[in-house]
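# Observations on the three-dimensional arrangement
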Amino acid sequence: MSESLVQMEGIVKSFAGVHALKDCRFDLRLGEVHALVGENGAGKSTMMKVLTGVYQMDEGRILYQGEEVRIPDTRAAQKKGISMIHQEMNLAADLTVAQNIFIGKEPRKALKLFLDEKEMNRQTSILLRQMNLDIDPTTLVSKLTVAKQQMVEIIKAISYDSQVLIMDEPTAALSDAEIEELFKIIVQLRAKGVGIVYISHRMAELKRITDRITVMRDGSYIDTVATADTSIDKIISMMVGRELFQSDKTNRLKDETSESMLEVRNLNRRNVLHNVSFTLRKGEILGVAGLVGAGRTEVARAIFGADPLDSGEIYVHGRKARINGPHQAVKHGIGYLSEDRKHFGCLLEMDVSTNATLATTGRFTRAGFWMNEKRMNEVSTQIVEELKVKTPSIKQKLKFLSGGNQQKVIIGKWLTRDCDILIFDEPTRGIDIGAKSEIYKLLENLAAAGKSIIMISSELPEILRLSHRIIVMCEGRITGELMNDHLATQEQIMTYATDRIG
Amino acid sequence: MNKTTVVEQKSHFAIKSGLQQLLVFGSLILLVIFFSIASDNFFHFSNLIGILLSTAVIGVLALGSTFVIITGGIDLSVGTVMTLSAVMTGVFITIWGLPIPIGIIGGLLTGALCGFLSGFTIARLGIPPFIATLAMMMIAKGLALVISGAKPIYFTDNEAFMEISLGSVLGDLIPGFDIPNAVLIFFIVAILGSILLSRTIVGRYNFAIGSNEEATRLSGINVRNWKIVIYTITGVFTGIAGILMASRLNTAHPSLGAGYELEAIAAVIIGGTSLSGGKGTILGTVIGALIMSVLTNGLRIMSVPQEWQTVVVGFVILLAVYADILRRRKA
Amino acid sequence: MRKVWMMAALVLVVFISACSSNGGSNSPTNAPESTKKPSSEATEKTEKMYVPVISKGFQHQFWQAVKIGAEKAAAELNVDITFEGPESESQVDKQLEMLQVALDKKPSAIGFAALDSQASIPLLKKAKDAGIPVIAFDSGVDSDIPLSTVATDNAVAAGVAADKMAELIGGEGEIAIIAHDQTSRTGIDRRDGFKNRIEEKYPNIKIVDIQYGGGDHLKSTDAAKAIMQAYPKLKGFFGTNEGSAIGVINAVMEAKAVGKVTVIGYDSGKAQIDAIKNGTMAGAISQNPVGIGYETVKAAVAAAKGETVEPAIDSGFVWYDKSNIDNEDVKAVLYE
């Protein structure tokens, strides 16, 4: 049981000078389920990507079955028997189960010219039987349930004679019954001596299925503990255990009676949002916490009209609003700053001025279509000055600005529009400390000026520092709401954020 | 990133970008010089005018295509919509006997309507541009045949119509300066296109959509409607090309025009507009179209067999796109 | 709701079957002949003969005229015909598809103008095996399968054009050709017929350039202009089909060289006729498209009946210029 399969020691990895991993270690034994936990951005994925050859470590060493190895690419990892099952399915939906499992290593016949479909199906049914799975090898993957698809992925990994299986949030899309099926398979694999790395945010699951737990935080290794000897609370406190930004909370509390700016009632979207209701008041910063995939961004996009809703009502200034697209949301005075700045925020190839005035170009026109370039330049110059954007000129293309400065320009886009309701989704993601505190200050000033702000963040200290009130989401539901007073703690939020229903 | 590095990168880039513009123009000049040396008959006023005249139709089509290509879309229907516009103009003028200006407006509206329909199917029904405009290409082709009864429509009774392409307003003003109107119209349309693209809100949104459609949508811009507007603009340009062609041939010929869309797209690409959208200039397209016709004309004057002419044009397209890729890699 | 759909579907099926058995009951006249068809079955006894005619094109007026001739013969001989052709003369594959479909309909005989004779041989063999007689028209097929070929002898006709050219430019000088195609039979025959005659008989005339415009008016115009630019002393131009000839006319007019350059065209059409009337074009060769269509159907019907047909039927051609353009016999072969 205690024989070591993988040992990673002193792993250092940095991206563009930022340390993603600092002197991390991780060890996996034969026939063990080892959980890897930590907040978003703690370095779990990076660590596993180093192990599977996606990234090259800067320093450190990896011992595999007792020998030091180099893993230059994913193929090498696969050859050694290290496989990763990703959150997003990597199966070809229009191929059969057997075709998917044997993709790239199809049995051939007749001088290797023809595929031996029969042999392939035969081998597949053996694999399926070994795992006690009742799936026909010739079924199309698209016809399978998500859980069955995941099983197929696992079998595909096993078919490479994998010794190490990394599962990234394997239960995220599964129902309870399906989770049971998955656990059965995990138990079988463990019995065969396969080492399993289990990445999950679901504390209850960890307790049930894992043998040991390694906690990471901010790119550092914290501790490895035996599951049986540890409580969930202990693990959560290890995960969030950094120093709190102690900020003055006395004026955090906002008058409950101030005017309601935005109210949403029973927002529903199949498999994504379930009966989401909350109110945003004037001059308030409402923090939205939760783990990745909890539905926070989805709520924001739904309010902004970027994604369709199945049902639910949105009230702006107490009046019911019909929002069928972002252009209508903007008319109601709602602005949205996307979490994915590069893909959904910036026009990287366009200049600062264009980006800063994009939401307002329509206002700076003569005769409805003639652009008033002069006014636009004035406005963008003003934004650059107010937000202290570091750029040589307003004609600089956005792609040459740093992340923080890009973000300021995009925020500036909504400031020129003078929106009453601002939804900031991860406003400080990928931004250096200096720019971060400037953005914090900006948010506070905006709230003080009477703007209402929804701030989605995965960084709990940020939520606790800025919000007047916090709602916590898990799996598309609001699982908790708390005033940000002295009683609000990171632990409390994490408990709500991992509070699965059903 | 501190301020100094930003500044350095900027000037660095400005030089690169300027170089690219010069490069395309430079290759045009080089081609002209090359052909002038290779053949005594190339560099004559009349031949240069001939080149410009032969650029006009494809050039105007290319100008229109530039708009949709900048959005990251494509319009495969411009060739046959051009034909349909020409045929409709013919119907209005010679069969219905409407005055020439009304007929021209009818032709432009035909192009605009086709563009609008393409835009509508793309933006509202979510059909990919390639497929939607492929369908429009066939619809326009069929309609042109149906409406004309598969017969050419002649404008022989309307001499004034021919003047649109082949008359010379400039020649009347300045004796000896006999530049055909078609060339004049080509340049006017280019200037209008350039203004539209750089000075108006349509142009701004055009680039924004091509640069990052989702970000543009999330900035509260009604991307769908603007796309329809942009395809309609392309349609109007296509209509102009149709009228230029009809008046130059004095005929609306229902089976011409197929394949012109590819030449137009080639001109746009040679001119440095990126097929992935967000980048491009009208000046580039004008130069791209000129490069195509200088090349064809020059090779013809040198009596290079036609088969080889096509091969050469193919290589030029490859070169142009590769130059663009190189530039982007360095940028 | 569902019933309505079923009804609609039923109506459609009945309608289609009614169409396909078209004429089954109301034309019992030529029943005895059709029994000779090897593929025919007892049920086909009462059907009219069916002759699909597959041309090289459809839109072009030339083919429309061929169609008129074919329909005329069909009416006279009381047979059913269909007339189809691909949209452009480069779509060899589409034409073969049409031929395949026509064969599948088990026709009495087939009229066929091959875009690419080599490519069509396998299908023609199929026709032969099924006992379906094939009559080639317009250009020949390099095969002995077609029982007969109805065509203009393009090479001879182009030779006549060469003689006229020599006569008009005084037997010496530079001339050029705008041809419509470098691969089709007509394109090759007309170009070579003209070129060979010039080379054999007129040593003082030099063909300085041959360019191809694909029959596209605009491209032919630009090509002709470029040639005139390259050879300022050019005295004559030969355009090998309607599109090419019109291209040449446009080029000569745009270059203001009317009278300086002698233009000879091929085929007819309003633009060429007008150009001859106003002197821009010296004259042109016209095939007899109506005759081609007529003779093709006539030969096909004869072959289906088992009669012997001549292996080569010349549909004839006409030289027309200002002097004879209004004669009735010339008018009859021209189309606008």
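## Quick look at the overall build of chain B
A tally of regular secondary structure across chain B gives 14 helices and 2 strands. Since a compact globule built from 331 residues should have a radius of gyration of about 20 Å, the 20 Å found for chain B is in line with a globular shape. Oriented by its inertia axes, the alpha-carbon framework of chain B measures out at about 70 × 55 × 40 Å. In chain B, buried positions account for 54% of the 331 residues. Within chain B, counting contacts between residues at least 6 apart in sequence, those at least 24 apart form 76% of the total.

## Brief notes about the sheet that holds strand β22 (residues 452–456) of chain A
Residue and element names in this part refer to chain A. One open sheet holds the 6 strands; their spatial order is β18-β21-β22-β15-β23-β24, and the pairing between them is mixed. Every other strand in the sheet has two partners, leaving β18 (334–337) and β24 (477–483) as the edge strands with one partner each. Neighbour to neighbour, the strand axes of the sheet diverge by 20° on average, direction disregarded. With 6 bridges connecting them, strand β23 (residues 469–474) and β24 associate as antiparallel partners. Across the sheet, M473 pairs through a bridge with I478, a residue of β24.

## Some points on the environment of S45(A)
All names here are of chain A. Mapped onto the elements, S45 comes out in helix α1 (residues 44–51). Residue S45 is classed as buried on the basis of its 21 C-beta neighbours within 10 Å. Taking the C-alpha atoms as reference, S45 lies 22 Å from Q65; in sequence the two are 20 residues apart.

## Some thoughts on the interface of chain A and chain B
Contacts between the two partners involve 31 residues from chain A, matched on the other side by 26 residues from chain B. Breaking the side of chain A that touches chain B down by element, the ones donating at least two residues are α10 (326–331), α11 (341–345) and β20 (370–371) of chain A. Class assignment for the residues of the side of chain A that touches chain B results in 16 nonpolar, 12 polar and 3 charged.

## Considerations on the packing of helix α3 (residues 78–95) of chain B against helix α4 (residues 100–123) of chain B
If you want to describe how two helices pack, look at the angle between their axes and the distance between the axes. All names here are of chain B. α4 packs onto α3 with a crossing angle of 150° between their chain directions and a minimal axis gap of 8 Å. In terms of axis orientation, α3 runs roughly antiparallel to α4. Taken as a pair, α3 and α4 cross one another with a handedness that is right-handed. Taking contact as the criterion, the partners of V81, L84, S85, A86, M88, T89, F92 and I93 in α3 are, on α4, I100, I102, G103, I104, G106, G107, T110, G111 and C114.

## Brief notes about the interface of chain B and chain C
Contact residues are listed per partner, giving 26 residues for chain B and 24 residues for chain C. Secondary structure elements with two or more residues in the side of chain B that touches chain C: α2 (45–70), α11 (223–249) and α13 (282–301) of chain B. Per-element accounting of the side of chain B that touches chain C gives the leading share, 4 residues, to α2(B). Along the lines of polarity and charge, the residues of the side of chain B that touches chain C split into 11 nonpolar, 13 polar and 2 charged.

## Points about the pairing of strand β12 (residues 220–226) of chain A
Residues and elements named next belong to chain A. Inspection of the sheet shows strand β11 (residues 212–217) paired to β12 by 6 bridges, in the antiparallel sense. The partner of M216 across the bridge, within β12, is Y221. Adjacent in sequence and paired antiparallel, β11 and β12 are bridged by 2 residues, among which D218 carries a positive phi angle near 50°.

## Focus: the domain arrangement of chain C
All names here are of chain C. Under the domain assignment, chain C is made up of domain 1 (47–152 + 289–316) and domain 2 (154–287). Using C-alpha coordinates to define each centre, domain 1 is positioned 30 Å away from domain 2. Contact residues are listed per partner, giving 10 residues for domain 1 and 10 residues for domain 2. Those elements that place two or more of their residues in the side of domain 1 that touches domain 2 are α3 (61–77) and α11 (289–304).

## Things to note about the nonpolar core
Counting 336 residues, the largest nonpolar core has V60(B) and V51(C) as the members making the most contacts within it. Among the elements that line this core, the one with the most residues is α11(B), at 16 residues. Beyond its immediate stretch of four places on either side in the chain, V51(C) contacts V79(C), I81(C), P107(C), S108(C), A109(C), I110(C), G111(C), V297(C), A300(C) and V301(C).

Rules and cut-offs
Sequence order sets the numbering: in each chain, residues are counted from 1 along the sequence as written. Each chain is given a letter, starting from A, and each ligand a number, starting from 1, according to the order in which they appear as written. Local features are withheld for residues below a pLDDT of 70 in this predicted model, meaning they are given only at 70 or higher, and side-chain atom pairs are given and counted only at 80 or more; totals for whole chains, interfaces and linings count all residues. By the criteria applied, helices consist of DSSP H or I runs no shorter than four residues and strands consist of E runs no shorter than two, each listed in order from the N terminus. Radius of gyration means the value over C-alpha atoms here, while the globule rule gives 2.2 Å times the residue count to the 0.38 power. Burial is judged by counting other C-beta atoms within 10 Å of a residue's own C-beta: 20 or more means buried, 12 or fewer means exposed, and anything between counts as partly exposed, with every C-beta placed from the backbone. By definition, residue pairs are in contact when their C-beta atoms, positioned from the backbone, come within 7 Å. At least two DSSP bridges between two strands are required for those strands to pair. Every angle, taken between N-to-C directions, lies between 0 and 180 degrees, and every axis is a line fitted to C-alpha atoms, over only the stretch in contact when it is a helix. Polar here means any residue other than Ala, Val, Leu, Ile, Met, Phe, Trp, Tyr, Cys and Pro, which are nonpolar, and Asp, Glu, Lys and Arg, which are charged; Gly is therefore polar. Geometric relationships in this document are graded by angle, where less than 35 degrees denotes roughly parallel, more than 145 denotes roughly antiparallel, 65 to 115 denotes roughly perpendicular, and other angles denote oblique. By convention, the crossing between two helices is left-handed when the near helix turns anticlockwise from the far helix through less than a right angle, and right-handed when the turn is clockwise. Start and end positions for the domains come from either an automated domain assignment or a database one. Joined through C-beta atoms within 7 Å, a set of buried Ala, Val, Leu, Ile, Met, Phe, Trp, Tyr and Cys residues constitutes a nonpolar core.

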